[in-house]
Structures are given as structure tokens and as C-alpha cells.
Amino acid sequence: MAQSVELLLDEPAEATVRRQWDLLADAGLSSERRSGPEESHRPHLTLFAAEAVPAPAEAELPEVVFDLALDLKLGALMMFGPRRGRFILVRQVTPSVDLLALQSRVASICGAEPDGQFGPGRWSPHVTLARRLTTDRVGVALDALGPTAGTSMRTLVTRCRRWDGTRKTAWLL
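Reference entry: report on the structure contained in this document. As the structure is a computational prediction, the values presented were derived from the model and not from experiment.

**A closer look at the packing of helix α1 (residues 11-26) against helix α4 (residues 135-145)**
Following both chains from N to C, one finds α1 and α4 inclined at 130 degrees, their axes separated by 9 Å at the closest point. In terms of orientation, α1 and α4 fall into the oblique class. Considering the relative orientation of α1 and α4, their crossing is right-handed. Only A141, A144 and L145 of α4 make contact with α1, whose side of the interface consists of Q20, L23 and L24. For the contact of α1 with α4, a count of residues per class yields five nonpolar, one polar and no charged.

And the structure:
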């Protein structure tokens, strides 16, 4: 899935997630933190991802996210998996009516497969903290983050971007 449409967190929420990436990386885990600065790599909430975004969708997406202002809640830590013996550690995003409506509209415009992970009722809103955690490292990850890591926090989302994973570039919609 080299192409995506993503919501960007506000500065306080982004800073919190980046601190969590750092804690995981400092514990020797496969955090989302990168070794060098990459402006395009930042905490986000993916609304849609696929191998391609159709050209008509590219033209329509900016209008869909114009005047975006979503008050979202980052919540508990959650695990996806296991897949091939590995887990993904995420912060759950509490789904609101407005968030679900936006995701549904973006997924529909982009041609999401109805039975795929971005299809109606199948999407799990989250912000990724770490990938490829083996069973024996899950406890290490939770210890590294500490007991308040999943404490809920609010974020005001006002920006949406397109990510082109093939070219490693991102732009605001």
C-alpha cells in the first residue's frame, strides 16, 4: 500500500506520540522513530491506503477536507496481530460520528474494497507506535512506555495529507 490519505495530529499530540516512539526505540524496539530527520514521517491516522489513488479522487479529496476541524481522542494502547508471529502496537483513536463519516467518504471516493480494511465498518482508527514486535518483546514495549502510556488525550485535527510511498513524498490537501 504505497499511497495513502492521512490525518495529521496537532502539535501537542504529535509531540506525545514522538516521545512514545523515542521511549520504544531507546528500549531497543522497532519503534516508528527514524534514525534521521524525515519531514514526511510523522504520527498520523490513515483514512485510506492502497497501491494507487484514482485521479478523480485526487481532484475531489481537497474539497472533502477543506475546513477540517475534528476533535479526536487518542486512547488506550492496543495490539494488532499476531501476523507472522509479530504484533503492531498502536494508540486507539476513539471513533466519533464525524471521523467515521469522513473516513467513509474518503474511502468511497478512493474506491476502497468493501471487504478490505478501509471498507464500511471494517476500519480501525489508530496511530502506530511500533511494528514487528515479537511476543517476547510486547511486555518490554509496555514497560518502556510506562503505566500512563494509554491515558487518553484530545487532539484537534485540522490537516490532511496525501502520502506517496513510492516517491517518499507528502503534501497537504
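The structure having been displayed, the exposition proceeds.
**Regarding the side chain of R91**
The topology assignment puts R91 in strand β4 (residues 86-94). Among buried Asp, Glu, Lys and Arg side chains, R91 stands out as unpaired, with D10 the closest opposite charge at 11 Å.

**Details of helix α2 (residues 55-64)**
Among the residues of α2, A57, L61 and V64 are the ones counted as buried. Relative to the axis of α2, the buried residues are bounded by an arc of 65 degrees and lie together on one face. Away from its buried face, by an angle of more than 90 degrees, α2 presents the exposed residues A55, P56, A59 and E63. Where the residues of α2 are buried, they touch β1 (3-8), α3 (97-110) and β7 (159-164).

Reading the values: rules and limits
- Residues numbered from 1 in each chain as written.
- Predicted model: local features only at pLDDT ≥ 70, side-chain atom pairs only at ≥ 80, totals over all residues.
- Heavy atoms only, no water.
- Axes fitted to C-alpha atoms, helices over the stretch in contact; angles between N-to-C directions.
- Helix = DSSP H or I, 4+ residues; strand = E, 2+ residues; numbered from the N terminus.
- Parallel < 35°, antiparallel > 145°, perpendicular 65-115°, else oblique.
- Left-handed = near helix turned anticlockwise from the far one by under 90°.
- Contact = heavy atoms within 4.5 Å.
- Nonpolar A, V, L, I, M, F, W, Y, C, P; charged D, E, K, R; others polar.
- Buried < 20%, exposed > 50% of the residue type's maximum accessible area, 1.4 Å probe, protein only.
- Lys, Arg positive; Asp, Glu negative; His and termini not counted.
- Salt bridge = Lys/Arg side-chain N within 4 Å of Asp/Glu carboxyl O.
- Arc of directions from axis to C-beta.

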